[in-house]
Structures are given as C-alpha cells and as structure tokens.
Amino acid sequence: MATLSRWCRWKSAAFMAALATALTLVTGVSVALAAGAAGGAQASSASAADASSAKVATKVATTSATPSGIAPAMSCAGLTSLDLAAVVPGVPFEITSAAELAAGSNTLGNWEACDVKGVIAPQIHFEVKLPETGWQADYLQVGCGGLCGTVTVSSAPASAGCAPLTSGAFAVASSDEGHYQGGGLFSADPTLRADFGYKSDHQLAQAAKAVIERYYGQAADHAYFDGCSQGGHQALTEAQRYPTDFDGIIAGAPANNFTALNTFSHAWTAQSVYLDGGPATITNADLADLHAAVLKGCGAPADGIIADPLSCTWDPATIRCAAGQTSTSEDYCLTADQVTTLRRIYAGPTDENGKLLYPGYQLRGSELNWAGIITPATATGTSGDISFVRETLRYQIFDSPQPTLTYKDVKFTAAYYKKVMQPNEGMYDATDPDLKAFKAAGGKLILWHGLGDQHIPAVGTMAYYKAVEKVMGGSAATEGFARLFLLPGVAHCGGGQGPATFDALTAMTDWVTKGEAPSSLATTSVDSGGNTTAGRPVYPFPYVAENTTGGPADDAGSYTPVRSTAEANLTLNRLGSFRSGYETVGNWVHGKWVVSKGKV
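Residues numbered from 1 in each chain as written. Predicted model: local features only at pLDDT ≥ 70, side-chain atom pairs only at ≥ 80, totals over all residues. Heavy atoms only, no water.

**Student:** How should the overall build of the protein be read in this particular structure?
**Tutor:** A count of helices and strands for the protein gives 16 helices and 15 strands. Here the protein holds 600 residues, and the buried ones make up 58% of them. Long-range contacts, defined as pairs at least 24 residues apart, comprise 71% of the intrachain contacts of the protein with a sequence gap of at least 6. Total accessible area computed for the protein in this model is approximately 22100 Å², and 54% of it derives from carbon and sulfur atoms. (Helix = DSSP H or I, 4+ residues; strand = E, 2+ residues; numbered from the N terminus. Buried < 20%, exposed > 50% of the residue type's maximum accessible area, 1.4 Å probe, protein only. Contact = heavy atoms within 4.5 Å. Areas by Shrake-Rupley, 256 points an atom, 1.4 Å probe, with all protein chains shown as cover.)

Listed below in structure tokens is the structure:
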C-alpha cells in the first residue's frame, strides 16, 4: 500500500554537522491504532447490505486494485442507517447525516468526500470527511480555536501544501468540543466543562475511528492530530491523558496553561494598558513607532525580524520623553505611564512577591501584533484581552456564574492565584510534563510557536518543553520523540512579520512512518498571489536560525543554526509549576457531579 510520502516529500534544510550528535535520528516502532470494538460482524453486514449499489460496485472495481487508495466498502448514504450507539463502550454517538461532497466544494483539497456529521452524547457535534478515492489508511483530527463552539473541518493549521489539502490521503475530523456558541456560557454546566476541558477529543477519536472502519471495511493504520491555540491545548491533552489515541501530534501555540492564561495573563495586560482602570495608555496608533524603537534597541537586522527575542532586554525607559517633550513619529518617546505599561507587559503577571502567575510574558518585537488584542483602537475603546478575561471570570472558574465580574476584579496575589487555580487547573489545563506513556506508545510530538504571538506568549511553551526535558531525562531523550520549533516574527497561529507558512504534517508522517525526525522546518512568506517572497529554516529548541553567511535575508540558504543561550538557560521565578498529578476527572454519580483526582 502506498504511504503518505508518495504525495508529500519533506525537504529539510541542511543542518550543521556540529548538531549531528545533539539531534540524533531516533527510530521507533509506530503503533497501529485500531478503532472501537465490534467491527467485524457489523462492517460485514453493512457491506453486504450495500453490495447492490451500482456506485459502490463501480468504485470497488476501479480503485481497490490500484495504488490510488483504499476504496469505500459501503455507500456514503448507507452510514446513516448504521446503529453505532454501542460500538464504542462509554461513548454513545450517532450519525445524523452523510452526504457526498463534490471535490470543488472541499476546502481540504480537490477530492470527493463522504461528509459525515453526528453527535456524541450529550452534545458534542462532529464532522468527518471520508475520501471516496485516495485514502491511504490515515486519520487526521484537527483542533479548534478560542473557546470553540463550532465544527470546522476546513484546514489543518500546520500542513500547507500537504496531502490532507490536496490528495485525500487522510480521513479528517473535528468537533465543537461539546457546545455550540463561542463564549464561555457553556461552562455553567459541569458536563460541558469536562467535555471542553479534556474529554471531547478522546471521544471523537474513538467515534471517528469506528466510522472509518465501517466505511472502508478496515481500521486506520495511523492517526494524527494537528491544532493551534485551543487546538494546541487539545493536542497536548491527548498526549498527556490519552497517549495511545494518536501516533503523531502537532501542537501549535498551545493554550495548555488555560486557567492562568485566561485569568492572569490576559487580565495583567489589560490592567497594564488601562492603568488604574483609566483610558488606554498605549493604542494601536503607537505600535509602529514603538516597534521601530524596539527593533533599534534590540539590534535587529535590516529585515526587522528578531531571531532570538528572549535575549533582548531593552528597557522602555530609554525612550522616555524629556520634560516638556511631545512624542512624534520622527522623535517617538514614551510618557511615564507608557513606560510603566510596557515594563509590565514585557515582565508578565506577578504576585506581591514578584513571582510569575503565568509562565510567560510578551517578547520584545511582538508589538505590531498587539493591535486589537492587547491594545485598543482608541484610548476609550476596548481590547480583546478584556473580552477573554470576562468570559473566563463570569462562567468558567467559579461554581456558579458571576455575570458582573470584569478584568478589573482579578487580583495578582498568591491567595487569589490559589483560589482560581486549585479547583480549575485539573479540569482545564494540559501542563503535565510526564510524557513517558506517550513516548512508550511510539508517539511523536511537534510543538511550534510564533515568537511574535500576541495571544499566548511563546515563553510559556518554552518553559513547558524544558519541564518535559527534565522529566524525560534530558534534551537527548526528549528530542527522540518531541521537538519544539519557534518561528521568529510570527503572530498567533500565523501571520505577523516573519515567514509563517510551513508543513509540519509531512515532517510528522515521515517521523512516524520512517523514523525520520525533523532537523528543521522550512518556513516561507507567501504573498496574496501565492508567490513565495522569503524563506527561513527554523531549528529545534534551543537553536535559532541566524544569517551567518551574509547572504540575502529572504534566502533560506543564508541561515545556519546557532544555540540560543537565553533559550537554553531559561528559568522562571513562578508561583505555579509543571507537574503530574494535578489532573481531575468529573462524572455523574447517583445524580451528583463528582470530581476526583487522576488521569482517565
């Protein structure tokens, strides 16, 4: 059977010989994942029932004997007649519709699909796109963003130009995580909290695999997950709690420290911009001049992209306005309040003892990406951070809705941190650094994060990866199954000033199926016409790509990997910690919602 690499070829950039030992190729045995139980008899009967369908008979005759993929074993419409409620123990679900999707209407690529929609109890809505030709026995599950609330199977965030978007090699699925509106109101129900926090993706993986097995008459050979933001949170939840669900997991800009991020990190930047609850000290109009000052202060190269922003400690006070000075674009300067605001943003949320309440802070060089999120359009306008905090405070972290709370009510104290974190991190967070079970199952993990991320500071992902290294026995033991890639200038899940288009999915499938660990990822900038305008390799943490050759800044060949001392030596004085054993699970027992310790 043809493998995925027939469609996509990973072309990694040349890697320095000095790193050959540090980034040793590690091969492992990948685990073939079987779908839920009760496959054989029901699948056979379903195939027999549909054998009279001329369309199915034609597909079997024309595709099953060719290298173009595995043909369906039954008709698309026939899926709606299957009783699947008991197929996966503990995961009752049903298919609500199954319709043929024309290739021209498929946003994933130019391939016909059986578009399946369904519900997992109580209300996890999902969608699976099943290729009618070209399927290579692979399954891809994609995550959602924000607080989810919609089912979107339209793209995979880190797979530009690869098979899911072009050839139909994957069956692709996603869900709304158990609710159908994008705010936090759903969290007033404990069942929906659990579905969002940790449960829905595991249940979708089981249900989708069962549907796949019945449609094609065989289980998927390999399963992959690709998500960014909340999707990155979903990805790490799967690696930590359900280590055998996926062979390969791609986690971008993960919101895995969900509770502290949506409470302390966002509230801190909001309170910093709106000092003492007053008008905003920094607005969108300041960002271009501020960014230019930061680039100069950090010694950025001519292309304006800081390769290693963690190493820059530029102080906003260096451009404080002199007495009587008025700031202009030609001579930009900061008021005393603006200096205070920026120092706080670059430092991150701290308690009364100076300890971080979230393991991260905004990196210098990210300023252009703050518009609308950290900074408002006008001094009396509102920011995205205010909205994020509002939903979490009102509906997600307390036992009952608190509809009057705002970002102003968050207290940056050790006592308030304990009040918020203890009852919530076990349900919402995915910060366990112990990935031994995932590694033992043959799992592979690619983490990636834009260094210009305005929503989720990349420092938190660096800190998590270092915690994984500590638990797993060091960098060499970790990079054999997990690697972190940091993209300079890239904003939240893409965009920004640096090359942000790349294909981690091919790198992942090569790692899983051929044991070829990615020594770099090739990132590009693409204009509105689809033309590549710049290229740059990114290397595994803690190496950064620097132009050591003097070649053109937009040429990937100009760059070589240089070890970042700032990244390698990153330490955070924080109140919380990355640890195992914080996880909780919730279940209804005799009519009462019971939360207990432990992984599922």
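**Student:** What's the story with the packing of helix H4 (residues 190–216) against helix H5 (residues 230–241) in this structure? I'm lost.
**Tutor:** Any two packed helices are characterised by the angle at which their axes cross and by the distance between the axes. Two elements in contact, H4 and H5, have axes whose closest approach is 9 Å; the angle formed by their N-to-C orientations is 70°. If you check the angle between H4 and H5, you find them roughly perpendicular. By crossing handedness, the relation of H4 to H5 is classed as right-handed. Residue-level inspection shows Phe 196, Gly 197, Tyr 198, Asp 201 and His 202 of H4 in contact with H5, the latter providing Gln 230, His 233, Gln 234, Thr 237, Glu 238 and Arg 241. Among the residues making up the contact of H4 with H5, the classes are represented as 2 nonpolar, 6 polar and 3 charged. (Axes fitted to C-alpha atoms, helices over the stretch in contact; angles between N-to-C directions. Parallel < 35°, antiparallel > 145°, perpendicular 65-115°, else oblique. Left-handed = near helix turned anticlockwise from the far one by under 90°. Nonpolar A, V, L, I, M, F, W, Y, C, P; charged D, E, K, R; others polar.)

**Student:** Just checking my understanding: could you explain the state of the cysteines for this structure?
**Tutor:** By definition, a disulfide links the sulfur atoms of two cysteines through a covalent bond. All chains considered together, the criterion is met by 5 disulfides. Cys 76 shares a disulfide with Cys 114; S-S distance 2.1 Å. In this structure, the disulfide formed by Cys 76 and Cys 114 twists by about 80° around the S-S bond and is classed as right-handed. Pair noted here: Cys 76 is in the loop between helix H2 (54–63) and strand S1 (93–101) and Cys 114 is in strand S2 (residues 113–120), with a separation of 38 residues, a long-range link. The buried category is assigned to Cys 114, whose relative accessible area is 0%. A sulfur-sulfur separation of 1.9 Å characterises the disulfide bridge that pairs Cys 298 with Cys 312. Disulfide Cys 298 to Cys 312: torsion about the S-S bond roughly -80°, handedness left-handed. Placement of the pair is Cys 298 in the loop between helix H7 (287–297) and helix H8 (336–347) and Cys 312 in the loop between H7 and H8, with a sequence separation of 14 residues. Taking only the cysteines that form disulfides and numbering them from first to last, the protein has the pattern 1-2, 3-4, 5-10, 6-7, 8-9. (Disulfide = S-S within 2.5 Å.)

**Student:** So what exactly am I meant to see when it comes to the pattern of salt bridges here?
**Tutor:** Side-chain pairs of opposite charge can arise whenever the charged atoms involved come near each other. In the structure shown here, the tally under the stated rule is 6 salt bridges. Arg 536 serves as the salt-bridge partner of Asp 303, at 2.8 Å between the closest nitrogen and oxygen. Of the two residues, Asp 303 is situated in the loop between H7 and H8 and Arg 536 in strand S11 (residues 532–538); the sequence distance between them amounts to 233 residues. Taking the relative accessible area as the measure of exposure, Asp 303 reaches 29% and is therefore partly exposed. (Salt bridge = Lys/Arg side-chain N within 4 Å of Asp/Glu carboxyl O.)

**Student:** When you look at the packing of helix H6 (residues 258–273) against H8 in this model, what are you seeing that I'm missing?
**Tutor:** Two elements in contact, H6 and H8, have axes whose closest approach is 8 Å; the angle formed by their N-to-C orientations is 170°. When the interaxial angle is binned, H6 and H8 end up roughly antiparallel. Residues Trp 268, Thr 269, Gln 271, Ser 272 and Val 273 of H6 touch H8, and the partners they reach there are Thr 341, Arg 344 and Ile 345.

**Student:** Whenever I open this one, the nonpolar core confuses me. Can you help?
**Tutor:** For soluble globular proteins, nonpolar side chains are generally found buried alongside one another. Grouped together as the largest cluster of nonpolar side chains are 67 residues, with contacts concentrated most on Leu 79, Phe 93, Leu 130, Tyr 139, Leu 435, Leu 445 and Met 462. Those residues in contact with Met 462 that lie beyond four places of it in its chain are Leu 310, Leu 363, Leu 451, Leu 484, Leu 486, Phe 541, Glu 567 and Leu 570. Tyr 346, Tyr 358, Val 410 and Ile 456 belong to the second largest nonpolar core, which has 46 residues in total. (Core = buried A, V, L, I, M, F, W, Y, C linked by side-chain atoms within 4.5 Å.)

**Student:** Is there a simple way to explain the sheet that holds S2 in this structure?
**Tutor:** The strands making up a sheet are joined through hydrogen bonds of the backbone, oriented either antiparallel or parallel. The mixed open sheet is built from 9 strands, whose spatial order is S1-S2-S3-S5-S4-S6-S7-S8-S9. Every other strand in the sheet has two partners, leaving S1 and strand S9 (482–487) as the edge strands with one partner each. Sheet twist, expressed as the mean angle between neighbouring strand axes with direction ignored, is 15°. Bridge analysis of strand S8 (residues 444–450) against S9 gives 6 bridges, and the strand direction is parallel. Counterpart to His 449 in the pairing with S9 is Leu 486. Strands S1, S2, strand S3 (124–131), strand S4 (138–142), strand S5 (170–175) and strand S6 (222–228) of the sheet are contacted by H4, whose axis makes an angle of about 35° with S3. (Pairing = 2+ DSSP bridges.)

**Student:** Can you help me understand the pairing of strand S7 (residues 248–252) in this one?
**Tutor:** Along a regular strand, successive side chains alternate from one face of the sheet to the other. When you tally the buried positions in S7, you get 5 out of 5 residues, the bulk of the element. Burial of S7 is two-sided: the residues Gly 248, Ile 250 and Gly 252 facing one way and the residues Ile 249 and Ala 251 facing the other way are all buried. Across 5 bridges, the pairing between S6 and S7 is parallel. By the bridge assignment, Tyr 224 is partnered in S7 with Gly 248. Once the chain exits S6 it traverses H5 before rejoining the sheet at S7, and the crossover so formed is right-handed. Relative to S8, S7 runs parallel, the two being bridged by 5 bridges. Across the sheet, Ile 250 pairs through a bridge with Ile 446, a residue of S8. (Right-handed = clockwise from strand over helix to strand, strands pointing away.)

**Student:** Sorry, what's going on with the environment of Ala 300 here?
**Tutor:** By the element assignment, Ala 300 lies in the loop between H7 and H8. On a C-alpha basis, the gap between Ala 300 and Gly 365 in space is 9.1 Å, while along the polypeptide they are 65 residues apart. When near neighbours in sequence (up to four residues on either side) are disregarded, Ala 300 contacts Leu 295 and Ile 306.

**Student:** Mind showing me how you'd approach the environment of Ala 253 here?
**Tutor:** As for its position among the elements, Ala 253 is in the loop between S7 and H6. Residue classification places Ala 253 among the buried residues on the basis of a relative accessible area of 0%. Each C-alpha atom, one on Ala 253 and one on Gly 494, is 9.6 Å from the other, the two residues being 241 residues apart in sequence. Ignoring any residue separated from it by four or fewer positions in sequence, one finds Ala 253 in contact with Cys 228, Ser 229, Trp 448, His 449, Asp 453, Ile 456, His 492 and Cys 493.

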